[in-house]
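# Reading the structure
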Amino acid sequence: MASYHLSVKTIKRSAGRSATAAAAYRSASVIECDREGRMHDYTAKRGVEACFILAPDDAPDWAQDRAALWNAAEARETRSNSVTAREWELALPSEVSDAARIEIARAFAQQLVERFGVAADVAIHAPHREGDQRNHHAHILTTTRILSAEGLTDKTRILDAASTGGPEIEAMRGYWAELQNHALELAGQVERVDHRSLEAQREEALSLGDTLKAEELDREPELKLGPAANAIERREQLLAEAEGRDYEPLTQRGARVHAVRQAKAMFAEMRERLELARDAWAEAREEGQGHVSAGLAALRAAAGRQAKELDQEEVRQRLARIAGRDLGAEQEVIEGQGARQDIRDRLNQALGRGKPDNQQKQQRELEDERKRQLELERQRERDRDLGWEL
């Protein structure tokens, strides 16, 4: 399932970090830091699928040299609490190809270069061999100063100021969602990502009358596990799989992430089954079937491949759960081809085909009349067979 993640962090000297070390680690390369007098060698690191530098058109040639670029960034800052680089961390969609992931990461980095006049050092990372194999991601280090023909000049204050930094980052978040969704569309995927908060998405769903989508979005955002918790949970998942038992999270963060993922998966299945039920209902009605017959067709479609193993009451209960309804003490029983009207009303509502009360009443009367005519015809047939017909 496609997911959205974009975070922006800073590389600060006050936190004991340097732009040279960060660039060397993310690109799995070696950089000698002139300011620190240290050699940062991460050539043994695995999982870096691609790395490249993008810079403004008038940037000097040395900007394409990773060591030269980040040593220049370090040399340009003189304070002990300076911010020497900004990091944009992106989750890449696992549903698209490696080439497509590189392409959208490059497009995003190019937008950073053009919008803010900075240099961008891009590293595409594959999922860790012991982690979630969908976790393709990119690290983009950008300079905190504009890069021109004269070198690194003014600070990018538009990103530093509270009044402008938030809106600028939000605009880039929206652009990243557009890039991912375009790539997913080209790959033939139906999933889409949304950069907005869950609350904003939920309000939109409610305004459109999509109550199921609104319920799906009524949850906590998914947390990032972090390296330590991720390693613990990954080992437990492998152990549970080997022992043939259900995985139970061991850490508090792992439990929260697992609960959110289970809820997302459950709602995805609910939505898929409800759409199947709606399609089956519409098809049955177009074929001239009555409400009850169409409803049973919808129930069977919602049950899917398990329909043969379920009795009529169990199928009905499953659809009720899919529609998000607690039957409780109000359970109704479908008998033969008949059904109590409250079941029919609920089914109509679940399928999004509710009608005004007067139309429903007329429809019920027509349906009842058809049933009476059908029963009379059957009775005449029986009478003819027995020789009782006058």
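Residues numbered from 1 in each chain as written. Predicted model: local features only at pLDDT ≥ 70, side-chain atom pairs only at ≥ 80, totals over all residues. Heavy atoms only, no water.

### Topic: unusual backbone geometry
Even without being a glycine, A28 presents a positive backbone phi close to 55 degrees. Within the fold, A28 resides in the loop between helix 1 (19-27) and strand 2 (30-33). Assessed through its relative accessible area of 18%, A28 is described here as buried. (Helix = DSSP H or I, 4+ residues; strand = E, 2+ residues; numbered from the N terminus. Buried < 20%, exposed > 50% of the residue type's maximum accessible area, 1.4 Å probe, protein only.)

### Brief notes about the environment of A107
Topologically, A107 is positioned in helix 3 (residues 98-116). Not counting the four nearest positions on each side in its chain, A107 is found in contact with Y175 and L179. (Contact = heavy atoms within 4.5 Å.)

### Examining the packing of aromatic side chains
A full pass over the atoms with the stated rule returns four aromatic pairs. Ring centres 6.0 Å apart and planes at 65 degrees place the aromatic pair W88 and F108 in the edge-to-face group. One end of the pair, W88, is in strand 5 (residues 83-91); the other, F108, is in helix 3, with 20 residues separating them in the sequence. For W88, a relative accessible area of 0% puts it in the buried group. Using a relative accessible area of 0% as the deciding quantity, one classes F108 as buried. Ring geometry for F108 against W176: centres 5.5 Å apart, planes inclined by 70 degrees, an arrangement best described as edge-to-face. Remark: W176 occurs in helix 5 (residues 162-186) and F108 occurs in helix 3; sequence separation between them is 68 residues. The exposure classification of F108 matches that of W176, with both residues buried. (Phe/Tyr/Trp six-rings, centres within 6.5 Å; stacked < 30°, edge-to-face > 60°.)

### Some thoughts on helix 2 (residues 66-76)
Residues separated by three or four positions in an α-helix point in the same direction, a consequence of the helix having 3.6 residues per turn. Listing the buried residues of helix 2 in full gives R66, L69, W70, N71, A73 and E74. N-capping of helix 2 is provided by D65, with a side-chain oxygen placed 3.0 Å from the backbone N of A67. (Polar contact = N/O pair within 3.5 Å; in protein donor to acceptor, adjacent residues only side chain to side chain.)

### A word on the pairing of strand 9 (residues 151-155)
Relative to strand 9, strand 8 (residues 145-148) is paired through three bridges, and the arrangement is antiparallel. Across the sheet, residue L147 finds its bridge partner in strand 9, namely L152. Between the antiparallel neighbours strand 8 and strand 9 lie two residues. (Pairing = 2+ DSSP bridges.)

### Things to note about the sheet that holds strand 5
Working definition: the strands of a sheet are paired by backbone hydrogen bonds and lie parallel or antiparallel to each other. In spatial order, the strands read 1-5-7-6-4; together these five strands make up an open sheet with antiparallel pairing. Looking at the sheet topology across the chains shown, the edges are occupied by strand 1 (6-12) and strand 4 (48-54). Between one strand axis and the next, the sheet turns through 15 degrees on average, direction left out of account. The strands touched by helix 3 within the sheet are strand 1, strand 4, strand 5, strand 6 (120-125) and strand 7 (137-142), with strand 4 carrying the most contacts at an inclination of about 25 degrees. In the packing of helix 5 onto the sheet, the strands contacted are strand 1 and strand 5, and the crossing angle to strand 5 comes to about 35 degrees. (Axes fitted to C-alpha atoms, helices over the stretch in contact; angles between N-to-C directions.)

### Looking at helix 1
Burial within helix 1 is extensive, with eight of its nine residues counted as buried. Along helix 1, the positions that sit buried rather than exposed are A19, T20, A21, A22, A23, A24, R26 and S27.

### Points about the packing of helix 3 against helix 5
Relative orientation of the contacting elements helix 3 and helix 5 amounts to 150 degrees, with a least axis distance of 10 Å. In this view, helix 3 runs roughly antiparallel relative to helix 5, as classed from their interaxial angle. The crossing of helix 3 and helix 5 is right-handed. Residues I104, A105, A107, F108, Q111, L112, R115 and F116 of helix 3 lie in contact with helix 5, whose contacting residues are E168, A171, M172, Y175, W176, L179, Q180 and A183. (Parallel < 35°, antiparallel > 145°, perpendicular 65-115°, else oblique. Left-handed = near helix turned anticlockwise from the far one by under 90°.)

### A closer look at the nonpolar core
Within the largest apolar cluster, 31 residues are counted, with the highest numbers of intra-cluster contacts made by W88, F108, I140 and W176. Mapped onto this core, the elements with two or more residues apiece are strand 4, strand 5, helix 3, strand 6, strand 7 and helix 5. Looking at this core, the element that brings in the most residues is helix 3, giving eight residues. Beyond its immediate stretch of four places on either side in the chain, I140 contacts R86, E87, W88, L90, A105, F108, A109, L112, A120, D121 and V122. Ranked by size, the runner-up nonpolar core spans 18 residues in total, among them A23, L69, A85 and L152. (Core = buried A, V, L, I, M, F, W, Y, C linked by side-chain atoms within 4.5 Å.)

### Details of the pattern of salt bridges
Applying the stated criterion across every chain yields a total of 14 salt bridges. With a shortest N-O distance of 2.8 Å, E74 and R35 are connected by a salt bridge. Separated by 39 residues along the polypeptide, E74 in helix 2 and R35 in the loop between strand 2 and strand 3 (38-41) bring together distant segments of the chain. Accessibility expressed as a relative area gives 42% for R35, which makes it partly exposed. Across the pair D160 and R157 runs a salt bridge whose closest N-O atoms are separated by 3.8 Å. Within this pair, D160 and its partner R157 are both found in helix 4 (residues 157-160), separated by three residues, close to a single helical turn. The structure contains a network of salt bridges with shared partners spanning R13, R35 and E74. (Salt bridge = Lys/Arg side-chain N within 4 Å of Asp/Glu carboxyl O.)

### Brief notes about a negative patch on the surface
Taken together, the side chains of E272, E275, D279, E283, E286 and E287 define an acidic patch exposed on the protein surface. Within the fold, D279 resides in helix 9 (residues 252-286). (Patch = residues over 30% accessible without salt bridge, like charges linked within 9 Å, V, L, I, M, F, W, Y side chains within 5 Å. Areas by Shrake-Rupley, 256 points an atom, 1.4 Å probe, with all protein chains shown as cover. Lys, Arg positive; Asp, Glu negative; His and termini not counted. Charge placed at Lys NZ, Arg CZ, Asp CG, Glu CD.)

Note that every value here comes from positions in space, so none of it alone points to a role or purpose.
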